[in-house]
Amino acid sequence: MSDTVPHAAPTEISIHREGAQRMGFFTDTTVCIGCKACEVACKQWNQLPSDGFNWSGNSYDNTTELSATTWRHVKFIEQFSAESPGEPALNRWLMMSDHCKHCLAAPCHQACPTGAIIQNEFENVYIQADICNGCSCCIAACPFGVITRSDMGGHSHKCTLCYDRQRDGLEPACAKACPTQSIHFGPVEELREQARKRVEQLHQRGVPQAYLYGDVPSETYSEMHSFYLLVDRPSVYGLPDAPFNPWLHMMGDYVRSVAGGLVAVAVLLVVVFLLKP
Ligand code: SF4
Ligand code: SF4
Ligand code: SF4
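Predicted model only: the values in this text are computed from it and were never measured.

Undergrad: Please clarify how the site of ligand 2 should be interpreted in this entry.
TA: Inspection of the region around ligand 2 gives Phe25, Cys42, Asn46, Trp71, Arg72, Cys159, Thr160, Leu161, Cys162, Pro172, Ala173 and Cys174 as its neighbouring residues. Split into classes, the residues belonging to the shell around ligand 2 amount to nine nonpolar, two polar and one charged.

Okay, structure coming up:
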């Protein structure tokens, strides 16, 4: 993994407050019991409407995805298989409480044309819904499918990392409600240290597959201020194996557009020069 963050944000709007720390989440999926207390606490604190009680047919998942009214979603992954040559039998149930990753160089932030998406003083990615014009550029830009536009107001919404609670010195509602401490909230540097120790502990306890997802930047994506401890490939949890910042593709498009424009101007000047009497 590279240590670089090759993503320059075209819109660098951020708030600074003296003494504010970079805050985030470390979610240890190995201790999640799928109780959904985090989902409910998020709905309750943020006064988000219920999605109804639907039978999705996918294990105990009745929410199915993140949306403008569901900012936390607990995923259920059932892994049961018989032993086969070279493959041990699998007999486990993975659970993961998903939400916005609060990326350091967030593609949603970079794509927003109105400045509605900012990085606040805790370096969390925050949508100011009253400035959002509903263009949906952020939705297309997020590689994790986190943001959705509300049918009611037409604005984009997602987890705020409980900005209102943090400003009052409170921990986010989901972390507060989690009975197993699967969701750890705190200064990002401290969380990283804690997470690495937990990975080591799991390795010593016979879980060599344990690793961290999103704690450090990769070649194609920045670090995330909400990162996870997983025990299987990211795609098993519905996460991209190698997240890619779409801005990296777009930079090439911008360069090509500017180069095309310059060539057109040069051709025009040559034509004008040749036609001059
Ligand atoms: S996970 Fe998606 S919505 Fe959240 S900060 Fe990153 S790009 Fe934005
Ligand atoms: S931090 Fe707050 S807004 Fe984000 S998922 Fe948790 S409860 Fe919901
Ligand atoms: S509250 Fe904690 S244990 Fe329960 S589903 Fe959420 S993360 Fe898992």
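Undergrad: Could you clarify how one ought to interpret the packing of aromatic side chains in this entry?
TA: This structure, assessed with the given rule, holds eight aromatic pairs. Grouping aromatic residues by their ring pairs yields a cluster made of Tyr60, Phe76 and Trp93. For the cation-ring pair, Arg72 lies above Phe25, with the distance from its terminal atom to the ring centre recorded as 5.2 Å. Taking the ring centre of Trp45 as reference, the NZ or CZ of Arg165 above it sits at 4.5 Å.

Undergrad: Looking at this structure, I do not really get a nonpolar patch on the surface. What am I missing?
TA: On the surface, a cluster of nonpolar side chains totalling about 370 Å² of accessible area is made up of Val263, Val267, Val271 and Leu275. Given a relative accessible area of 67%, Leu275 falls into the exposed group.

Undergrad: Can you help me understand the site of ligand 3 in this one?
TA: In the region of ligand 3, 14 residues are neighbours, and Cys32, Cys35, Lys36, Cys38 and Cys178 sit closest. For the shell around ligand 3, the per-class residue count stands at nine nonpolar, four polar and one charged.

Undergrad: Honestly, the nonpolar core in this entry has me stumped. Any pointers?
TA: Ile117, Phe144, Leu229 and Tyr237 are the most contacted members of the largest nonpolar core, which has 51 residues in total. Once residues within four sequence positions are removed from consideration, Ile117 is found in contact with Cys108, His109, Cys112, Val125, Tyr126, Ile127, Cys138 and Ile147.

Undergrad: Would you explain the sheet that holds strand E9 (residues 211-213) in this entry?
TA: Two orientations exist for strands paired in a sheet by backbone hydrogen bonds: parallel and antiparallel. Judged by pairing direction, the sheet is mixed, and its four strands sit side by side in the order E8-E1-E10-E9 without closing on themselves. The two strands at the open ends of the sheet, each matched to only one other strand, are strand E8 (183-187) and E9. This sheet shows a mean twist of 25° between the axes of neighbouring strands, independent of strand direction. As paired elements, strand E1 (residues 23-28) and strand E10 (residues 226-230) share four bridges and run parallel to each other. Looking at the pairing, Phe26 lines up with Phe227 of E10. This element, helix H6 (residues 188-204), spans E1, E8, E9 and E10 of the sheet and lies at about 140° to E8.

Rules and cut-offs
- Every chain begins its residue count from 1, and numbering advances along the sequence as written.
- By the order in which they are written, chains take letters starting at A while ligands take numbers starting at 1.
- Two thresholds apply to this predicted model, a pLDDT of at least 70 for residue-level local features and 80 or more for giving and counting side-chain atom pairs, whereas whole-chain, interface and lining totals are computed over all residues.
- Side-chain figures throughout are based on the complete set of non-hydrogen atoms in the structure, without hydrogens or water.
- If even one non-hydrogen atom of a residue comes within 4 Å of a molecule or strand, that residue is called near it.
- The nonpolar class holds Ala, Val, Leu, Ile, Met, Phe, Trp, Tyr, Cys and Pro. Asp, Glu, Lys and Arg form the charged class, and all remaining residues, Gly among them, are polar.
- Side-chain rings of Phe, Tyr and Trp (the six-membered ring for Trp) are treated as a pair once their centres are within 6.5 Å; stacked means planes under 30 degrees apart, edge-to-face means over 60, and tilted covers the remaining angles.
- In our convention, an over-ring charge means Lys NZ or Arg CZ found within 6 Å of a ring centre and within 35 degrees of that ring's normal.
- The patches described consist of residues with a relative accessible area above 30% and no salt bridge, like charges being joined within 9 Å and nonpolar side chains (Val, Leu, Ile, Met, Phe, Trp, Tyr) within 5 Å.
- Accessible surface is estimated by sampling points in the Shrake-Rupley manner with a 1.4 Å probe; for residues, cover comes only from the protein chains shown.
- Counted as salt bridges are all cases of a side-chain nitrogen of Lys or Arg within 4 Å of a carboxyl oxygen of Asp or Glu.
- Residue burial is assigned from relative accessible area. The probe radius is 1.4 Å, only protein chains are included, and a residue is buried under 20% of its type maximum, exposed over 50%, and partly exposed in between.
- Note on terminology: a nonpolar core comprises buried Ala, Val, Leu, Ile, Met, Phe, Trp, Tyr and Cys residues joined through side-chain atoms within 4.5 Å.
- Contact criterion: two residues are considered in contact whenever any of their non-hydrogen atoms come within 4.5 Å of each other.
- When DSSP finds at least two bridges between two strands, those strands are taken to pair.
- Put simply, DSSP marks the helices as runs of H or I at least four residues long and the strands as runs of E at least two long, and each gets a number from the N terminus on.
- Angles shown run from 0 to 180 degrees and are taken between the N-to-C directions of axes, each axis being a line fitted to C-alpha atoms and, for helices, limited to the stretch in contact.

Limitation: the analysis is restricted to geometry and does not speak to function.
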